[in-house]
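Remarks on the overall topology
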Amino acid sequence: MPQRVKKDLLKSPRGTRDLFGDELSRFDFIRSRFGEIASYYGFQKIQTPHIEHSDLFTASLGEATDIVEKQMYTFRTRGGDQLTLRPEGTIPAVRAYFENGMQAWPQPVMLYYSGSYFRHESPQRGRFREFGQVGLEVLGDSDAIADATVIRVADLAIKEMGISAQLELNTLGDKECRPGYRKELSNYYRKHFNYLCKDCKRRFKENPLRLLDCKENSCLELKKNAPQMLEYVCKECKDHFKAVLDFMDSLEIPYLLNPYLVRGLDYYTRTVFEFVATLGGKEGQAENAAEKVERLEVGGGGRYDYLAEILAGKSLPAAGCALGVDRLSEVLREGGVVPPTEEAKVFLIQLGDVAKRKSLALVEEFRKAGLRLAQSLAKDSIRGQLRVADKLGVEYSIILGQKEAMDGTVILRDMSSGIQETLPLPKLIERLKNKIYPK
Ligand code: HAM
């Protein structure tokens, strides 16, 4: 008797899932659209390992960030190394830049990537423990054009996927002006300390900027009157931000200034941004539809001029952005979008052993000719095979029976008119090409 398989063994770990069918088609569509546009704009693809030394992330993400505090998948190897499944792609890209001598390349170095990332978060809609990201990094450029290029390419990619998302922008200043703002923010929150949520009471000591990111109602209420960074930034940061906004205007990319946008990662300086899509609450629905509308951050990024100093002790001004593939796919799914796949227009029906044997060679000839051919070689009866052909809605069927297999001919059947003709095999592909792709 086979032992009954334990139920949990047949479940993927919490926050992970299998991708196939329409969902995987959407993932492939998002990744390929992003890759096409990024490489057109001069970004070179990079693939870094899924594992990195843990210290790489703890040193640079900031001890007080959610990722370092509770979301990293860290383990000790048999050899005693402490490794982490990459939670994001920017830090590995910067590591790869130095490790592979990219300082010697013409600057800036523009990289793009696509892959799986891992964070131990509570799974919910659009939030997974293994998730897909596509990202861009411009390394070695302090000019606002780098920020603008990243936003431009991400915005184009999102639009070309058929998704509309609002761009939100803010500046976080640099090491000259941010301490002044931090102090103001601390003074403000100190006065209202008792109203902060438990997590924010702790965050207050570590990094008061993170309080602006809290989603608890009491903290959201306090945020409304909190001081805004824009009033504290130094002239250089203000000029930089203004230049980014000017680029947005000339590229006709609409944006919303969000003075409280801080992002969940500590490495940012100056420009930060997010692309926010909305889910649910379609027009014409109930009055309270607005309440059901859900904000979904489909992407985010910014400038990170000090990250390389922390990692490599070297100066490398840079800007980048990453989009969440699962979230983009969710927006497409809600809109009922299934990316087009080229479906077979021809079905092969084979009858008898000789025909079955010949079929395999025929399938290969179709593949070489670039014609998609569907078949069901495991089925033997003509009725069973015709039923599959009908289900697929093909335009033509090729019938290869015992007699045809001996003669070197085939029967070509037009499925809508039912008209059939017998053709010599070598003519078949040419005839079908003309019928399917008439010149
Ligand atoms: P991030 O905001 O942490 O930024 O992630 C970018 C995007 O990845 C998010 O906007 C979201 O769409 C998606 N994402 C993040 N976490 C999850 C999750 N648990 N499940 C599903 N999707 C998720 C970064 O990672 C930065 N490295 C972006 C960057 C690049 N900054 C500069 N260069």
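Conventions adopted
Residues numbered from 1 in each chain as written. Predicted model: local features only at pLDDT ≥ 70, side-chain atom pairs only at ≥ 80, totals over all residues. Heavy atoms only, no water. Helix = DSSP H or I, 4+ residues; strand = E, 2+ residues; numbered from the N terminus. Rg over C-alpha atoms; globule rule 2.2 N^0.38 Å. Buried < 20%, exposed > 50% of the residue type's maximum accessible area, 1.4 Å probe, protein only. Contact = heavy atoms within 4.5 Å. Areas by Shrake-Rupley, 256 points an atom, 1.4 Å probe, with all protein chains shown as cover. Lys, Arg positive; Asp, Glu negative; His and termini not counted. Charge placed at Lys NZ, Arg CZ, Asp CG, Glu CD. Near = heavy atom within 4 Å. Polar contact = N/O pair within 3.5 Å; in protein donor to acceptor, adjacent residues only side chain to side chain. Domains from an automatic or database assignment. Salt bridge = Lys/Arg side-chain N within 4 Å of Asp/Glu carboxyl O. Pairing = 2+ DSSP bridges. Axes fitted to C-alpha atoms, helices over the stretch in contact; angles between N-to-C directions. Parallel < 35°, antiparallel > 145°, perpendicular 65-115°, else oblique. Left-handed = near helix turned anticlockwise from the far one by under 90°. Arc of directions from axis to C-beta. Phe/Tyr/Trp six-rings, centres within 6.5 Å; stacked < 30°, edge-to-face > 60°.

1. Examining the overall build of the protein
Helix and strand counts for the protein come out as 16 helices and 16 strands. What you see for the protein is a C-alpha radius of gyration of 28 Å, clearly larger than the 22 Å of a compact globule of 439 residues, by over 25%. In terms of principal-axis extent, the alpha carbons of the protein reach across some 90 × 60 × 60 Å. Here the protein, with 439 residues, has 47% of them falling under the buried criterion. Contacts spanning at least 24 positions in sequence make up 71% of the contacts within the protein whose residues lie at least 6 apart. Total accessible area on the protein stands at roughly 23400 Å², and carbon and sulfur atoms take up 50% of it. Across the protein, the 66 positively charged side chains and the 62 negatively charged ones have centroids separated by 5 Å.

2. Details of the site of the ligand
If you check the shell around the ligand, you find 26 residues, and the closest are Glu-88, Thr-90, Glu-121, Phe-128 and Tyr-268. The contact in question runs from an oxygen atom of the ligand to an N or O atom on the backbone of Val-298, over 3.3 Å. The contact in question runs from a nitrogen atom of the ligand to an N or O atom on the backbone of Cys-321, over 3.1 Å. Those elements giving two or more residues to the shell around the ligand turn out to be strand 6 (130-139), strand 10 (294-303) and strand 11 (318-324). Here the element with the most residues in the shell around the ligand is strand 10; it accounts for five residues.

3. Let's talk about the domain arrangement of the protein
The domain boundaries assigned to the protein delineate domain 1 (10-177 + 233-334) and domain 2 (346-436). For domain 1 versus domain 2, the distance between C-alpha centres works out to 48 Å.

4. Here's the deal with the side chain of Arg-86
Inspection of the secondary structure puts Arg-86 in the loop between strand 4 (82-85) and helix 4 (90-99). As a buried residue without a salt bridge, Arg-86 has its nearest oppositely charged side chain in Glu-52, at a separation of 6.8 Å. At 2.9 Å, the side chain of Arg-86 forms a polar contact with the backbone oxygen of Ser-116.

5. Here's the deal with the sheet that holds strand 11
One open sheet holds the eight strands; their spatial order is 1-5-6-11-10-9-7-8, and the pairing between them is mixed. In this open sheet, the two edge strands, each paired with only one partner strand, are strand 1 (44-45) and strand 8 (255-257). Alignment of strand 9 (residues 269-279) against strand 10, held across nine bridges, turns out to be antiparallel. Across the sheet, the residue bridging to Glu-274 is Gly-300, located in strand 10.

6. Some details on the packing of helix 1 (residues 21-40) against helix 5 (residues 144-160)
Running from amino to carboxyl end, helix 1 crosses helix 5 at an angle of 140°, the nearest separation of the two axes being 9 Å. Here helix 1 lies oblique to helix 5, going by the angle between them. Regarding helix 1 and helix 5, the two cross each other, and that crossing is right-handed. Here Phe-29, Arg-33, Phe-34, Ile-37 and Ala-38 of helix 1 come into contact with helix 5, specifically with Val-153, Leu-156, Ala-157 and Glu-160.

7. Describing the side chain of Asp-174
Residue placement: Asp-174 occurs in the loop between strand 7 (166-171) and helix 6 (178-191). Residue classification places Asp-174 among the buried residues on the basis of a relative accessible area of 9%. A polar atom in the side chain of Asp-174 sits 2.9 Å from the backbone nitrogen of Glu-176. Within the structure, the side chain of Asp-174 is placed 3.2 Å from the backbone nitrogen of Cys-177, a separation counted as a polar contact. Contacts of Asp-174, omitting those with residues within four sequence positions, involve Pro-179, Cys-234, Cys-237, Arg-270 and Tyr-306.

8. Some words on helix 14 (residues 382-392)
Residues of helix 14 that are buried include every one of Gly-384, Gln-385 and Ala-389, and no others. Down the axis of helix 14, the buried side of the element spans an arc of 140°, and every buried residue falls inside it. Looking at helix 14, the residues exposed on the side facing more than 90 degrees away from the buried face are Arg-383, Arg-387, Asp-390 and Lys-391. Along its buried surface, helix 14 packs onto strand 12 (346-350) and strand 14 (396-400). Backbone geometry just after helix 14 places Gly-393 at a positive phi near 65°.

9. Brief notes about the packing of aromatic side chains
On inspection of all chains with the given rule, the structure shows eleven aromatic pairs. Centre to centre, the rings of Tyr-117 and Phe-131 are 6.4 Å apart; their planes meet at 40°, and the pair counts as tilted. On the criterion of sequence distance, the pair formed by Tyr-117 in strand 5 (residues 109-118) and Phe-131 in strand 6 is long-range, its members being 14 residues apart. The residues Tyr-117 and Phe-131 share a single accessibility class, namely buried. When the centroid spacing of 5.1 Å and the interplanar angle of 75° are considered together, the rings of Tyr-188 and Tyr-189 count as edge-to-face.

10. Examining the pairing of strand 7
Among the six residues of strand 7, five are classified as buried, and the element is accordingly described as predominantly covered. Pairing of strand 7 with strand 9, which is carried by six bridges, proceeds in the antiparallel orientation. Of the residues in strand 9, the one forming a bridge with Asn-170 is Val-272. Relative to strand 8, strand 7 is paired through three bridges, and the arrangement is parallel. Bridge assignment links Leu-167 to a residue of strand 8, and that residue is Tyr-255.

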